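These are the residues of each chain, in order.
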Amino acid sequence: MTLSLPNSHGQAEKTPDRSVRATPLACLAAGCESVAMPSDAISSTTVSGRAGKSSNPTKICIADDDSTIRTMLRMILEKWGYKVVVCSDGQDAFNALSDPEGPRLALLDWMMPGMDGVQTCRRLREEFPSRNYYLLLVTARTEDTDVISALRSGADDFVSKPFSPVVLQARIEVGCRNLEMQKTIADYASRMQQLADSRAAQLVHADRMVSLGLLSASVAHEINNPESFLAVNVQT
């Protein structure tokens, strides 16, 4: 639709219609559970300095059986500079996360066919207890019993549907900081173990050298005192 307005010369001017077009990706931001924000809004969201400037971007696994949400999340996360692994269900997510080179941070939808998000969290914690994961559940559930059940199953945090991209970004950055801290602690523990092993080896070597020194001194003493050596051996 166009509107005709008279100008200063009495002639009509055409004013273009600036009505907002509704898109599927706009619905989630408006409150729908199954879709998300428009792509032009993604461009206006602040890009994470942590992800955007890294030469080795953080990998994030997203798992959702809704293709629209998968597309929306992939667009947002790639815009922020993350490397995205897209999965359509919990089993695919488990396979991706169990890979030694796979992501360590995941956005898992709670309700999925087959293995759901909570079951995926529980299985990862049970089968890889020494690995550091940060697992976020995407869900519309807010009951205390649901939250407690999910956290006890291994989830680290929640993203509620419908979600704000700014909140999502903040929660992901918390996850990245958590994983970095865990890696720093693990690296420090490894260096301390290496130092302890090296020190133990040095102590063993020093003890052997002390024993060898005592033996050498005893032999030298006997050599320097042959009369005592012969007397002791004659008596025996």
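Further up the page is the structure itself.
We now turn to the structure provided with this report. Everything numeric here is computed off the predicted structure, so don't read it as measured data.

About the criteria used
Residues numbered from 1 in each chain as written. Predicted model: local features only at pLDDT ≥ 70, side-chain atom pairs only at ≥ 80, totals over all residues. Heavy atoms only, no water. Helix = DSSP H or I, 4+ residues; strand = E, 2+ residues; numbered from the N terminus. Contact = heavy atoms within 4.5 Å. Buried < 20%, exposed > 50% of the residue type's maximum accessible area, 1.4 Å probe, protein only. Pairing = 2+ DSSP bridges. Right-handed = clockwise from strand over helix to strand, strands pointing away.

With that out of the way, let us pick up the environment of P57. Mapped onto the elements, P57 comes out in the loop between helix 3 (49-52) and strand 3 (59-63). On a C-alpha basis, the gap between P57 and W80 in space is 9.9 Å, while along the polypeptide they are 23 residues apart. In contact with P57, not counting residues within four places along its chain, are G81, Y82 and K83.

Time to look at the pairing of strand 5 (residues 105-109). Burial of strand 5 is extensive: five of the five residues sit out of reach of the surface. Taking every second residue as pointing to the same face, both faces of strand 5 are buried, with L105, L107 and D109 on one and A106 and L108 on the other. Here strand 3 runs beside strand 5; their pairing, made up of four bridges, is parallel. Counted as the bridge partner of I62 is L107 from strand 5. Where strand 5 meets strand 6 (residues 134-139), five bridges bridge the pair, whose relative direction is parallel. Directly across from A106, in strand 6, lies its bridge partner L135. Following the chain from strand 5 across helix 6 (residues 117-127) to the adjacent parallel strand 6, one finds a crossover that is right-handed.

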